[in-house]
Amino acid sequence: MERTMMIDQAKVRVLLLESIHPDAVSRLEAEGYQVEALRNALDEAELIDRIPGVHLLGIRSKTQVTAKVLEAADSLVAIGAFCIGTDQIDLGTASRAGIAVFNAPFSNTRSVVELALAEIIAITRRLTEKNELMHSGVWDKAANGSHEVRGRRLGIVGYGNIGTQLSVLAENLGMHVSFFDTADKLALGNAQRCSSLDELLASTDVVTLHVDGRPGNSGFFGAEQFARMRQGAIFLNLSRGIVVDHVALREALTSGHLSGAAVDVFPKEPKGRGDEFVSELRGLPNVILTPHIGGSTEEAQADIGDFVANKLAHFVHEGNTTLSVNLPSVALPAQAGMSRIVHVHVNMPGVLAQVNSILAEHQVNVEGQLLSTRGEYGYLITDISGEYSDDVLERLRGMSQTVRLRVLS
């Protein structure tokens, strides 16, 4: 899908969904962009209707950016995921269209970790049950079933940015930590790596999931896994709703096999605040339910808003793709008085030579150039001085390897 784009900075249209932090709106409006910010997510049909003419799209976790949405996006150059995960975006189609995708892989890590620790302590101390009784006028001063977290073993499934930070803070609370990850990860502190998920489930008092939402993880944790957990263990999921069978979780809780659970993410979530929440887990006294707020602190959302908005602005102005999820990472400092040509192409031998040959034939002087490749695609930034003819762009656009051509002044 070859596209050529020359964007008038004063006419950049931005669509932000899902109540993205006002700092992001202010940052993008400061660039002179036309920003439309909506409170709720949009479904596929609604987004297809809204996306034509939009240059930058900002979403969180609920909005699904499908292939059909991207096909309707006639002006889109970049997508900002104002969250950690990007599984809600069809990255393959975005790459084939030369659309850059950015996220915030670190900004809300601390918020998720603190919520997980708070829930572990609350369930272990039976705080939710005591709180409900007190509000009902019942004074139940007893230590039965209430424990310290110190000395208990925490099992972390998924040892990425969140899992590793949780590991360190849990150890500081006196917990012992085991973890399982399909990738080869370095253990921090005294954490012990488990060779299999079954080993972790059989040896830990608390199991917490921190995995991504790739399709292969759908239904990852179900009745079989709950059965292999220790009697009286606690279960947490602050990752993705699709990875857990909630019917099986309810059965494990009501049967008494698990002593408690905390769930922040669900297979189907309401589109907006105030909508009805439906779940098999409602009404269970030993379950903490939160409305997907793991990363929803004012500090985290402000950091995410600023971080992703900056990435989008730098991409529009300079073409830099540092920390892009799907395109090769390239960052070439901007030079005053130069024109910048950004060339997204299929990663094949000889592309750079072909580009430079076209420029040389037209006596275009190259002042700076940087190329990077990742998998199927290459990303080339070329700064040129002086005048150049439309024929230069036509030749570059006409290359069989060209995916997208952008011209920045």
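Residues numbered from 1 in each chain as written. Predicted model: local features only at pLDDT ≥ 70, side-chain atom pairs only at ≥ 80, totals over all residues. Heavy atoms only, no water.

### Quick notes on helix α12 (residues 351–361)
And then number 1: Of all the residues in α12, the buried ones are V351, V355, I358 and L359. Each buried residue of α12 lies within a common arc of 100° when the element is viewed along its axis, so the set occupies one face. Projecting away from the buried face of α12 at angles above 90 degrees are the exposed residues A353 and A360.
And then number 2: Note on α12: the residue one or two positions beyond its end, Q363, has a positive phi of about 55°. (Buried < 20%, exposed > 50% of the residue type's maximum accessible area, 1.4 Å probe, protein only. Helix = DSSP H or I, 4+ residues; strand = E, 2+ residues; numbered from the N terminus. Arc of directions from axis to C-beta.)

### Description of a nonpolar patch on the surface
And then number 1: Residues I121, L127 and L173 make up a contiguous nonpolar surface patch of about 220 Å² in total accessible area.
And then number 2: The residue I121 is located in helix α5 (residues 109–124) in this model.
And then number 3: Using a relative accessible area of 33% as the deciding quantity, one classes I121 as partly exposed. (Patch = residues over 30% accessible without salt bridge, like charges linked within 9 Å, V, L, I, M, F, W, Y side chains within 5 Å. Areas by Shrake-Rupley, 256 points an atom, 1.4 Å probe, with all protein chains shown as cover. Salt bridge = Lys/Arg side-chain N within 4 Å of Asp/Glu carboxyl O.)

### What about unusual backbone geometry?
And then number 1: Even without being a glycine, E18 presents a positive backbone phi close to 70°.
And then number 2: Inspection of the secondary structure puts E18 in the loop between β2 (13–16) and α1 (22–30).

### Here's the deal with the packing of α5 against helix α7 (residues 161–172)
Each packed pair of helices is defined by two parameters, the angle between the axes and the distance between the axes.
And then number 1: Running from amino to carboxyl end, α5 crosses α7 at an angle of 50°, the nearest separation of the two axes being 9 Å. Judged by the angle between their axes, α5 and α7 are oblique. Of the two elements, α5 crosses α7, and the hand of that crossing is right-handed. Taking contact as the criterion, the partners of T109, R110, V112, V113, A116 and L117 in α5 are, on α7, N161, I162, Q165, L166, L169 and A170.
And then number 2: Grouping the constituent residues of the contact of α5 with α7 by class yields 8 nonpolar, 3 polar and 1 charged. (Axes fitted to C-alpha atoms, helices over the stretch in contact; angles between N-to-C directions. Parallel < 35°, antiparallel > 145°, perpendicular 65-115°, else oblique. Left-handed = near helix turned anticlockwise from the far one by under 90°. Contact = heavy atoms within 4.5 Å. Nonpolar A, V, L, I, M, F, W, Y, C, P; charged D, E, K, R; others polar.)

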